[in-house]
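So you can see what is in the structure, the chains are spelled out below.
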Amino acid sequence: MPTTPCDASYQSQSDLFTDGSVEPGNIGFQYGADNNSFVRQDDTQYYFDVDLTFTPGPNTIIKYLSLDNNCNGVYGFGFGPPTDSLHQGENILSFDKLTYVVSVPGTDFHDYPRPSGIPRYIWVEVVDDYRNPTIKVVSYLVDLQNLQNPTGSVGEGNVKTPILIVPGIFGTELKNNDELLWADISRMVTGSDNFMDKLEFNSSVESDFSVVADSVITKLTFGPLNFDYSEALRESLVDQGYVEGQNLFTFPYDWRYGAEQVNIDALKGQIDYILNQTDAGRIAGKVDVVAHSTGGLIVKKYIEENPSNHHIDKLINVGVPNLGAPKAFKALINGDNFGIFGLNSAEMKKIAQNMPVAYELAPNEDYYNEIGSFLKHTDLKSINPIQLESKDLNYSEAIDEFNKFGLINNTTLQNANTLRSSEFDALDVRNFNVNQYNIIGCKTPTFGDFTEFTQQGSKPEFTFPRLTTGDGTVPLLSAQSIPTAPDQIYFVPDVDHGELLSADGSRQLISNLLSGSTLNTGGKVFSNVLVQDNPSICQISGENIQIKSPVNIDVTDQNGNHSGLLEDGSIEDAIPGADFEVWDEHKYVF
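In this report, we go over the structure that sits alongside the text. Everything quoted here is computed from the prediction, not taken from an experiment.

## Structural notes on the sheet that holds strand β11 (residues 163-166)
Across a sheet, paired strands are connected by hydrogen bonds in the backbone, their directions being either parallel or antiparallel.
And then number 1: Strands sit in the order β17-β11-β18-β19-β22-β25-β26 across an open sheet of 7 strands; the sheet is mixed. Of all the strands in the sheet, just β17 (248-250) and β26 (526-527) have a single pairing partner and so form its edges.
And then number 2: Summarising the sheet, strand β25 (residues 489-493) and β26 pair through 2 bridges and their orientation is antiparallel. Residue Phe491 lies in a different strand from β26, and its bridge partner there is Phe526.
And then number 3: In this fold helix α6 (residues 294-305) packs onto β11, β18 (287-292) and β19 (312-318), with an angle of close to 135 degrees to the strand it touches most, β18.
And then number 4: On top of the sheet, helix α15 (residues 506-515) reaches β11, β18, β19, β22 (435-442) and β25; it is set at about 170 degrees to β19, its chief contact.

## A word on the packing of helix α11 (residues 395-404) against helix α12 (residues 410-419)
And then number 1: Look at α11 against α12: their axes get within 11 Å of each other, and the N-to-C directions meet at 155 degrees. In terms of orientation, α11 lies roughly antiparallel with respect to α12. Judged by residue contacts, Tyr395, Ile399 and Asn403 of α11 engage Asn410, Leu413 and Asn417 from α12.
And then number 2: Grouping the constituent residues of the contact of α11 with α12 by class yields 3 nonpolar, 3 polar and no charged.

## Observations regarding the packing of helix α4 (residues 261-277) against α6
And then number 1: One can describe the packing of α4 onto α6 by two numbers: an axis separation of 9 Å at closest approach and a directional angle of 75 degrees. In this view, α4 runs roughly perpendicular relative to α6, as classed from their interaxial angle. Together, Gln261, Asn263, Ile264, Leu267, Lys268 and Ile271 of α4 and Ile298, Val299, Lys301, Tyr302 and Glu305 of α6 make up the contact between the two elements.
And then number 2: In terms of residue class, the contact of α4 with α6 is built from 6 nonpolar, 2 polar and 3 charged.

## Focus: α12
And then number 1: Within α12, burial applies to Thr412, Leu413, Ala416, Asn417 and Leu419. Buried residues of α12, viewed axially, fall in a sector of 155 degrees; they line one side. Exposed residues pointing more than 90 degrees away from the buried face of α12 are listed as Thr411 and Thr418.
And then number 2: Structurally, α12 contributes buried residues whose contacts are with α6, α9 (356-360), α11 and α13 (422-425).
And then number 3: Residue Asn409 occupies the N-cap position of α12, its side-chain oxygen lying 3.1 Å from the main-chain nitrogen of Thr411.

## What to know about the packing of aromatic side chains
And then number 1: In total, this model carries 14 aromatic pairs according to the counting rule given.
And then number 2: Where Phe329 meets Phe402, the ring centres are 4.9 Å apart and the plane angle is 50 degrees; that geometry is what we call tilted. Residue Phe329 is found in helix α7 (residues 327-333), and its partner Phe402 is found in helix α11; the two are separated by 73 residues along the sequence.
And then number 3: Every member of this aromatic cluster is reached through a ring pair, and the members are Phe329, Tyr367, Phe374, Tyr395, Phe402, Phe447, Phe450 and Phe462.
And then number 4: The ring centre of Tyr242 lies 4.8 Å from the NZ or CZ of Lys160, which sits over that ring.
And then number 5: For the cation-ring pair, Arg187 lies above Phe195, with the distance from its terminal atom to the ring centre recorded as 3.9 Å.

## Focus on the pairing of strand β16 (residues 225-228)
And then number 1: Taken together, the 4 bridges between strand β15 (residues 219-222) and β16 define a ladder with antiparallel strand orientation. Opposite Lys219, over in β16, you have Asp228 as the bridge partner.

## A short note on helix α3 (residues 231-239)
And then number 1: Those residues of α3 lying buried are Ala232, Leu233, Arg234, Ser236 and Leu237.
And then number 2: Buried residues belonging to α3 abut β11, β14 (212-216), β16, β17 and α15.
And then number 3: Where α3 terminates, the next one or two residues include Gly241, which has phi positive at roughly 100 degrees.

## Some words on the nonpolar core
And then number 1: Core analysis: the biggest nonpolar cluster contains 104 residues, and Trp182, Ile312 and Phe402 have the highest contact counts within it.
And then number 2: Here Trp182 is in contact with Phe170, Thr172, Glu173, Leu174, Met188, Met196, Leu199, Ile217, Trp255, Ile340 and Leu343, once residues within four sequence places are set aside.
And then number 3: In this structure, Val39, Leu86, Tyr100 and Val126 belong to the second largest nonpolar core, which totals 24 residues.

Definitions and cut-offs
- Counting from 1, residues in each chain are numbered in the order their sequence is written.
- Local features in a predicted model are, by the rule used here, given only for residues with pLDDT of at least 70; side-chain atom pairs are given and counted only at 80 or more, and totals for whole chains, interfaces and linings are based on all residues.
- Water and hydrogen atoms play no part in the side-chain values, which are based on all heavy atoms of the structure.
- Two strands are said to pair when DSSP picks up at least two bridges between them.
- Counting from the N terminus, the helices are the DSSP runs of H or I reaching at least four residues and the strands are the DSSP runs of E reaching at least two.
- Residue contacts are counted whenever heavy atoms from the two residues lie within 4.5 Å of one another.
- Axis definition: a line fitted to C-alpha atoms, limited for helices to the stretch in contact. Angles are taken between N-to-C directions and run from 0 to 180 degrees.
- For this classification, under 35 degrees means roughly parallel, over 145 means roughly antiparallel, 65 to 115 means roughly perpendicular, and everything else is oblique.
- Under this grouping Gly is polar, as are all residues other than the nonpolar Ala, Val, Leu, Ile, Met, Phe, Trp, Tyr, Cys and Pro and the charged Asp, Glu, Lys and Arg.
- Note on exposure labels: buried denotes an accessible area under 20% of the residue type's maximum, exposed denotes more than 50%, and partly exposed covers the range between, all computed with a 1.4 Å probe on protein chains only.
- This arc is built from the directions going out from the helix axis to the C-beta atoms.
- Throughout this description, a polar contact denotes any pair of N or O atoms lying within 3.5 Å of each other; where both atoms belong to protein, one of them has to be capable of donating a hydrogen while the other can accept it, and for residues adjacent in sequence the pair is counted only when both atoms sit in side chains.
- In this scheme Phe, Tyr and Trp rings, the latter by its six-membered ring, pair at centre separations within 6.5 Å, and the angle between planes marks the pair as stacked below 30 degrees, edge-to-face above 60, and tilted otherwise.
- When the NZ atom of lysine or the CZ atom of arginine is within 6 Å of a ring's centre and also within 35 degrees of its normal, the charge is said to sit over that ring.
- We call a set of buried residues a nonpolar core when its members are Ala, Val, Leu, Ile, Met, Phe, Trp, Tyr or Cys and they connect through side-chain atoms within 4.5 Å of each other.

Encoded structure:
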């Protein structure tokens, strides 16, 4: 039991025995939940964890007294009813190192004025019934210059900053009343996908149905499908000592709206809840955020709107389409199942047509300026002799082509471009004291650009794109455009966009960045320096096979993995490193 020069003076007022030992904690309280984590600290605060082992009564008091170097009292007071809420279990007192203000969180929150003099020692005592003749107390005296717990272990400030996981597009279940609209894989596979029509918006971005966000998707299983979206990551964090609902949280939201204000406000509400209604949040005063895909755009917009009070310490971006992804235009024009087992591409086209998030994920002018054209226009000017005219279109020319043939909702696109301005795309959240990391998927064939073919101004026919490296949805160069310190950029090859949170390698990396653990990433994660020195780590190689007819094509690798059309018209794309696409009746295999 650590001792201080003031022990002798205050033993008569405490339960400390003459040998410096302490009476059993179950008489009044434990020193923290494990009886050895009473005092801890961070850069600005000391924390005293009074873990009451009994239900506090109306006269229960946590007494506090600060002493100077000579063991003279500086100031003291008691926390308890009716002004302060105490409860069985954890009760946290915090002491500000700069102002000396002591606080107790809860429904009734009180700050006490700065004392005269400088505290050196702090004495904390619990009285379980102030007016009871069988009064029982436990006490502990802390030396602020030699911070130790009752067994002598030094408080290392090991308070875990709460973690908030912000999923991406398709990452939250959506319901209409009790009907699961997204993602009901069993209905997608065994019947028509028309039940998802309730997710559609009209051209004014209005819906005839009430759709609400339910839970963040953990894992989807059906037949051969075993898709892990966030479960393995959450389990990994739990293994590092995080507890769901205490310092590990998720943010379910209606992903159809993307980074619209309704989701920004909801994110702010979730962060405010963590900071104000949970012990971990009140102690830390900040959160660490893991943002996947669209979630990264939402978090960035939240920081932009709250530059001085966002309360985010670490931000880990995972597969975020900072400049957009050409695949979004494919979904709008032809449909796409985004590699989701059982999802019919035609249904996705129908749902996406007026959906804000589809346009927010589409390439914008900054994509063209930094990466290049995503649409080549080829026009057959003459048949005899054959005369073709081809051009890589700039952003405005591409949008004009789409509008000319009524392929997109231009109003929704313009709204998305207002949100995704050049200033927003280039926003460096490090300027707002955010410690930012970027995890990028690569070496998976990814939709890069496509060709529009017309014959003397006829309705266009589109052909398959040039493939580029990325995560199967987001091109590497789009995700890489997020301003990030070079040593905080990581690459994960051969992992699909939807699996980046929980895949082997990436989930261990995320856990390490958040908790300080040293989990083995199994050689599946590469640093920025290593990829710059060895570009082949992220490059794709292979051959394109094109079948431009109604004839079907199926591909199976040596391990029995299949890529091709399923009976319901959806696509299975299970061969690692391969890509199977359908545009109208044409099939393309890489």
